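# Summary of the model geometry
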Amino acid sequence: MIDLQLADKKHDEERQGEALVVDAPLIRNGRKLYIESYGCQMNFADSEIVASILLDQGFETTGNYKEADVVFINTCSIRENAEQRVRNRLSQFGVEKRRNPKLIVGVLGCMAERLKSKFLEEEKLVDVVVGPDAYRELPALLSEVESGQKAINVLLSREETYADISPVRLSGNGITAFISIMRGCDNMCSFCVVPFTRGRERSRDPYSILAEANDLFKRGYKEVTLLGQNVDSYKWKGKDAIEEAETEVNFAQLLEKVAVISPDLRIRFSTSHPKDITDEVLYTIAKHDNICNYIHLPIQSGSSRILELMNRTYTREWYINRIDTIRQIIPGCAISSDIIAGFCTETEEEHQETLSMMDYVGYDFAFTFSYSERPGTLAARKLADDIPEEVKKRRLAEILLKQQQTSLYRLQQFVGKTMKILVEGTSKKSDQDFCGRNDQNAMVVFPLTAGVKAGEYVNVYIDRCTSATLLGTVVS
Ligand code: 5AD
Ligand code: SF4
């Protein structure tokens, strides 16, 4: 069995530069791969596919790029600062490459797709550029590099889902894992580069998803998060695995199929789109105790005019209706959001609408961003990025402050209650404490307790909280 190392996964839309390692495969070629990932959870899941492909070639992984033969950086383009971080990191790899000219440096993911061959021109140290749909070609591309050429494959695909590749679980705790259920996005939100870097939306065969979830559960995993840019538009058509009849599976049906694997396997999913989340999905969540009561439902802006400019295809009223329906069908469901401050032409009143929407929903958590124009997007082509930086900053700070207050309020509602927690391991801050999440995805920290192990469910009485964490003790 593969032994998993490395840090806790952060619940963060834009994770930065985590190296992923795994114990050696059975047959080695003596070469070492270092892979570092930036950005969304999909990117981290992709790195596990990449590692799987190279482990099959006999590579082993290392957590130290200075001892690697191949260094991959799996990149994010979502905002300009994400790209800047990657460029800074590449210059550090450049220092290593001057010391060891044989080192192969590869750029994967969204920046590779966005910049294509420009990357090879701009960053001389880069040997290979590979887009998100071309990872199967990595062994061939590495051979090209070894024969002295630069190599590139940034072809996007309408079919590739890597369904048959079993990802090696690189950065996990052996208890929670991500499963990609679809790739790409067809939404064309005007601010977003993702449809250009990850291509058209396609859904993965549900049988391979179920096989992966079953396998994880058999190996002791207790929680899976189903991943896609827009999980509610998951739709697969094909032959039924048993009766060979033509069937269709939507997201609610997929959720149900994963949920019945075992009541001891928790299911989470991300990201939902307000225009696509159906009542059928909400009823499915309500029906199964092991589908967590937590929905990430990005609003982006509270103003209908801005939402239209963003091409989000819903209004403030539509969003409010979705929230009301969630609260009615799944009482106590936690809701989180993504919010962008200072989108093109946003007025002060429209910014206030975002704040009032936050009051209305009372998000448990929100990822907040200041608008960053991305080349090639609809907004970059059609709208002026006309909100001054200092105004964006101030609006973002107001959004952040409101969210901190709301998050604290939400956590305070759990104090005095006992809840079921999946123990994920020892807390990052103290090896005398365990950490785990409740159903609503709040992080809970509690003292190590005799007889309790990572991977088990325990009941924890919450006696206090900080602004981000619940604190308590195990009760029998
Ligand atoms: N500027 C700022 N934030 C953005 N996001 C996507 N594109 C941009 C951009 N150009 C945010 C959205 C999305 C999250 C993943 O990143 O809020 O939901
Ligand atoms: Fe980008 Fe919109 Fe697709 Fe999300 S739904 S990835 S924000 S285009």
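Summary of the structure given here. Since the structure is predicted, the reported quantities are computational estimates derived from the model, not experimental observations. Residues take numbers from 1 onward in each chain, read along the sequence in its written order. Throughout, the order in which chains and ligands are written sets their labels, letters from A for the former and numbers from 1 for the latter. Local features in this predicted model are restricted to residues whose pLDDT is 70 or higher, and side-chain atom pairs enter the listing and the counts only when it is 80 or higher, whereas totals over whole chains, interfaces and linings include all residues. Computation of side-chain values covers all heavy atoms of the structure but excludes hydrogens and water.

With that settled, consider the overall build of the protein chain. Each helix is a run of H or I in the DSSP string that is no shorter than four residues. Each strand is a run of E no shorter than two, and both are numbered from the N terminus. Looking only at helices and strands, the protein chain has 14 helices and 22 strands in total. For the protein chain, the C-alpha radius of gyration of 22 Å lies close to 23 Å, the compact-globule estimate for 476 residues. Its C-alpha atoms give the protein chain principal-axis dimensions of about 60 × 60 × 55 Å. Classification of residues uses two cut-offs on accessible area relative to the type maximum, computed with a 1.4 Å probe and protein chains only: under 20% is buried, over 50% is exposed, and between them is partly exposed. Across the 476 residues that make up the protein chain, the buried fraction comes to 58%. Only the protein chains shown count as cover for residues, and all accessible areas are computed by the Shrake-Rupley method using a 1.4 Å probe. Within the structure as shown, the protein chain displays about 19800 Å² of accessible surface, and the carbon and sulfur contribution to it stands at 51%. For the radius of gyration, the atom set is restricted to C-alpha positions; the globular benchmark scales as 2.2 Å times the number of residues to the power 0.38.

Let us now look at unusual backbone geometry. Here the amide bond leading from Ser 270 into Thr 271 is cis, since omega sits at 5 degrees, within 30 degrees of zero. Considering the arrangement of structural elements, one finds Thr 271 in the loop between strand E14 (266-270) and helix H9 (279-287). Of note, the phi angle at Asn 441 is positive, near 75 degrees, even though the residue is not glycine.

Relative to the assigned elements, Asn 230 resides in the loop between strand E11 (223-227) and strand E12 (235-239). Once residues within four sequence positions are removed from consideration, Asn 230 is found in contact with Met 182, Asn 187, Glu 201, Thr 271, His 273, Lys 275 and Asp 276. In this analysis, two residues are considered to be in contact whenever any of their non-hydrogen atoms come within 4.5 Å of each other.

The subject of this paragraph is the nonpolar core. Among the buried residues, those of types Ala, Val, Leu, Ile, Met, Phe, Trp, Tyr and Cys that are joined through side-chain atoms within 4.5 Å form a nonpolar core. Grouped together as the largest cluster of nonpolar side chains are 63 residues, with contacts concentrated most on Leu 226, Phe 251 and Ile 295. The element contributing the most residues to this core is helix H8 (residues 251-259), with 6 residues. Setting aside chain neighbours within four positions, we find Ile 295 in contact with Phe 269, Ser 272, Ile 277, Leu 282, Ile 285, Ile 326, Ile 330, Cys 333, Ala 334, Ile 335 and Ser 336. Among the nonpolar cores identified, the runner-up in size contains 23 residues, and Phe 93, Met 111, Val 129 and Val 154 belong to it.

The next thing to look at is the site of ligand 2. Every residue near ligand 2 is listed here: Cys 185, Asn 187, Met 188, Cys 189, Phe 191, Cys 192, Val 194, Pro 195, Gln 229, His 273 and Arg 312. Residue composition of the shell around ligand 2, by class: 7 nonpolar, 3 polar and 1 charged. For this purpose, a residue is taken to be near a molecule or strand whenever a single non-hydrogen atom of the residue falls within 4 Å of it. Under the convention adopted here, Pro, Cys and the residues Ala, Val, Leu, Ile, Met, Phe, Trp and Tyr are nonpolar, Asp, Glu, Lys and Arg are charged, and Gly plus all remaining residues are polar.

DSSP bridges decide pairing: two strands pair if at least two such bridges lie between them. Spatial ordering of the closed barrel is given by E18-E19-E20-E22-E21, a layout of 5 strands whose pairing is mixed. Across the sheet, the mean angle from the axis of one strand to that of its neighbour is 55 degrees, orientation sign disregarded. Summarising the sheet, strand E18 (residues 418-426) and strand E19 (residues 433-437) pair through 4 bridges and their orientation is antiparallel. Bridge assignment links Gly 425 to a residue of E19, and that residue is Cys 435. Angles shown run from 0 to 180 degrees and are taken between the N-to-C directions of axes, each axis being a line fitted to C-alpha atoms and, for helices, limited to the stretch in contact.

Of all 8 residues in strand E2 (residues 32-39), 7 are buried; the element is thus mostly enclosed. Across 2 bridges, E2 lies against strand E3 (residues 60-61) in parallel orientation. From the neighbouring strand, Lys 32 faces E3, where its bridge partner is Glu 60. Both E2 and strand E4 (residues 70-75) contribute to a ladder of 5 bridges, which runs parallel. In the sheet register, Ile 35 faces E4, and the bridge partner there is Phe 72.

Around ligand 1, the surrounding shell holds 12 residues, and the nearest of these are Arg 79, Phe 191, Gln 300, Asp 338 and Ser 372. Between Phe 191 and ligand 1, the recorded distance is 3.0 Å, taken from a backbone N or O atom to a nitrogen atom. Contacts described as polar in this section are N or O atom pairs within 3.5 Å, which, within protein, must combine one atom able to donate a hydrogen with one able to accept it, while residues neighboring in sequence count only if both atoms come from side chains. Taking Gln 300, its side chain carries an N or O atom lying 2.6 Å from an oxygen atom of ligand 1. Here ligand 1 loses 91% of its free accessible area of 400 Å² to cover by the protein chains.

On to the sheet that holds strand E8 (residues 176-180), then. Taken in spatial order, the 3 strands line up as E8-E11-E14 in an open sheet, and their pairing is parallel. With one partner strand each, in any of the chains shown, E8 and E14 form the two edges of the open sheet. Geometrically, the sheet is characterised by an average inter-axis angle of 25 degrees between neighbouring strands, direction not taken into account.

It is worth spelling out the pairing of E8 at this point. A regular strand places its side chains on the two faces of the sheet in alternate fashion. Burial analysis of E8 places 5 of its 5 residues in the buried class, the great majority of the element. A two-sided burial pattern is seen for E8, the buried positions comprising Thr 176, Phe 178 and Ser 180 on one face and Ala 177 and Ile 179 on the other. One ladder, built from 5 bridges, connects E8 with E11; its direction is parallel. Its bridge partner being in E11, Phe 178 is matched across the sheet by Thr 225.

Right, let's talk about helix H2 (residues 80-99) for a bit. Over its 20 residues, H2 extends 30 Å from the first C-alpha to the last, a length consistent with the 28 Å expected when each residue adds 1.5 Å. Within H2 the residues assigned to the buried category are Ala 82, Glu 83, Val 86, Arg 89, Leu 90, Phe 93, Gly 94, Glu 96 and Lys 97. On its buried face, H2 sits against E2, E4, strand E5 (104-109), helix H3 (110-115) and helix H4 (117-122). Here the expected span of a helix is defined as 1.5 Å times the quantity of residues minus one.

Honestly, that's just the spatial picture; any functional story needs more than this.
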